[in-house]
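Residue-level listing of the chains:
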Amino acid sequence: MTVKIEQGTVISLNAGFYDVQTDKEVIRTRARGVFRQKNQKPAVGDKVEIKHDEQGTSYLVKILPRKNRIGRPAVANVSHVLLVISAVEPDFSVQLLDRFLTFFAWQNVKVTIYLSKADLVDPQKLAEIKENLNYYAKIGYPVFTDKKLLEQELPSLIGVDEIWTLAGQSGAGKSTLLNYLKQDANQSTAAISTALNRGKHTTRVVQLFRLEQGFLADTPGFSAIDLTPIKLVDLANYFVEFVQASSNCKFRGCQHLKEPKCEVKRLLEEEVILASRYEDYLALREEISEGRIPEYLK
Ligand SMILES: Nc1nc2c(ncn2[C@@H]2O[C@H](COP(=O)(O)OP(=O)(O)OP(=O)(O)O)[C@@H](O)[C@H]2O)c(=O)[nH]1
Ligand SMILES: [Zn+2]
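Every chain is numbered on its own, with residues counted from 1 as its sequence reads. Numbering of ligands from 1 and lettering of chains from A proceed in the order in which they are written. The predicted origin of the model limits local features to residues at a pLDDT of at least 70 and limits the giving and counting of side-chain atom pairs to 80 or more, whereas totals for whole chains, interfaces and linings rest on all residues.

1. Remarks on the UniProt feature "binding site: Zn(2+)" (unreviewed entry) in the protein chain
Our working definition: UniProt positions are given in the numbering used here, feature names are shortened, and annotations may be inferred rather than shown by experiment. Here a residue counts as buried when 20 or more other C-beta atoms fall within 10 Å of its C-beta, as exposed when 12 or fewer do, and as partly exposed in between; the C-beta atoms come from the backbone. We call two residues in contact if the C-beta atoms placed from their backbones are at most 7 Å apart.
In the numbering adopted here, UniProt assigns the feature "binding site: Zn(2+)" (unreviewed entry) to Cys249, Cys254, His256 and Cys262. Note on Cys254: 21 C-beta atoms within 10 Å, which makes it buried. Beyond its immediate stretch of four places on either side in the chain, His256 contacts Ala236, Phe242, Cys262, Val264 and Lys265.

Laid out in structure tokens, this is it:
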């Protein structure tokens, strides 16, 4: 028998085994000892090479370069986040939204926003929230306020082998959404996931399941984030509409504070840039320069 090398994505870790999704099937593999020597550990989401020996045992032999590794439990190569933000319980907050968007822009992860619990607020409150969300849609973040629409559109948003994960405050509705979307997942993968799912809530294992051409992490993912490692001078780069405006600021590297002829400040005055966005920019500057994590995230 010839030794075959294949590539795939690690979709779960289980008692020393790594389950790898190739383009055909899920293969249970062992990691070669070489990883321990190199102090490397394959993570869920890693793109890997696997090898099958004559006895039919499969080994994970190589971890391909990682784009990132984020979340708790960690997932590697996350390209997109489905950010769940609730209309109520906890209350909708643009501050919170801006924190998450800043964090993911910093991590070079794209974000799609989903508003949960729209059914729990009165029409007036909902209209207010939607007006805010329209701003985010305008600056480039896909926004969904309807679960069914999200379910319909998601397949066209998820690219080949892209890894998506959920994020959002505790109680926002991440698990609820996940369970809803999982109903659609590829059946064979779903069966494996279920079989490996024992003790999910006690051990906090993470696994990926197929969602159309890509993967979604089967975990509530992020709820709290720390922005203090961001460099103060870089912060403006993570506010997408500021980046766009800044080419018209007089000074290169403009921080949009007291500099003359600042385009961000001009757009702010014209109410093209949302006041809360700018306020949050200032608040995050302060948080970063003081190196403090807000009380509610501790
Ligand atoms: N009415 C309504 N209730 C929802 C919706 N989404 C979530 N919930 C409820 O909100 C509560 C919290 O939802 P979860 O899905 O557990 O929230 P989570 O984000 O996973 O929370 P953590 O696990 O703490 O991070 C549950 O009681 C859900 O039933 C929604 O769209 N409408
Ligand atoms: Zn400026």
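2. Focus: the site of ligand 1
Rule in force here: By definition, a residue lies near a molecule or strand provided its backbone-derived C-beta atom is within 6 Å of it. All amino acids are sorted into three groups, where Ala, Val, Leu, Ile, Met, Phe, Trp, Tyr, Cys and Pro are nonpolar, Asp, Glu, Lys and Arg are charged, and the leftover types, Gly among them, are polar.
Taken together, 14 residues lie near ligand 1, and Ser170, Gly173, Lys174, Ser175 and Thr176 sit nearest. The residue makeup of the shell around ligand 1, split by class, is 3 nonpolar, 8 polar and 3 charged.

3. Remarks on the sheet that holds strand β5 (residues 58-63)
Quick reminder of the rule: Pairing between strands is defined by DSSP: at least two bridges between them are needed. Working definition: helices are DSSP H or I runs of at least four residues, strands are E runs of at least two. Numbering for both runs from the N terminus. Axis definition: a line fitted to C-alpha atoms, over the contacting stretch in the case of helices. Angles run 0 to 180 degrees between N-to-C directions.
Overall, mixed pairing links the 5 strands, which are arranged β1-β2-β3-β5-β4 in a closed barrel. Ignoring which end each strand starts from, the neighbouring axes of this sheet average 55 degrees apart. In terms of strand pairing, strand β2 (residues 17-21) meets strand β3 (residues 26-31) through 5 bridges, oriented antiparallel. Within β3, the position partnered with Gln21 by the bridge is Val26.

4. What about the packing of helix α2 (residues 94-106) against helix α10 (residues 275-290)?
Which entries qualify depends on this criterion: With the far helix as reference, a near helix turned anticlockwise by less than a right angle produces a left-handed crossing, and one turned clockwise produces a right-handed crossing.
The geometry of α2 relative to α10 is characterised by a closest axis approach of 10 Å and an angle of 65 degrees between their N-to-C directions. Handedness of the α2/α10 crossing: right-handed. Here Val94, Gln95, Asp98 and Thr102 of α2 come into contact with α10, specifically with Ser276, Arg277, Asp280 and Leu284. Residue classes in the contact of α2 with α10 are distributed as 2 nonpolar, 3 polar and 3 charged.

5. Quick word on the nonpolar core
Note the cut-off: By definition, a nonpolar core groups buried Ala, Val, Leu, Ile, Met, Phe, Trp, Tyr and Cys residues that are joined through C-beta atoms within 7 Å. Domain boundaries shown here were taken from an automatic or database domain assignment.
By size, the foremost hydrophobic cluster in this structure holds 54 residues, and its most contacted members are Val81, Leu83, Ile85, Ile113 and Tyr114. In terms of residue count, the dominant contributor to this core is α2 (7 residues). Residue contributions to this core reach at least three from each of two domains, namely domain 1 (4-63) and domain 2 (69-217). Those residues in contact with Tyr114, other than ones at most four positions away along the chain, are Leu82, Leu83, Val84, Phe144, Leu150 and Leu177. Formed by 14 residues, the second largest nonpolar core is a distinct cluster that contains Phe242, Ala245, Cys249 and Cys262.

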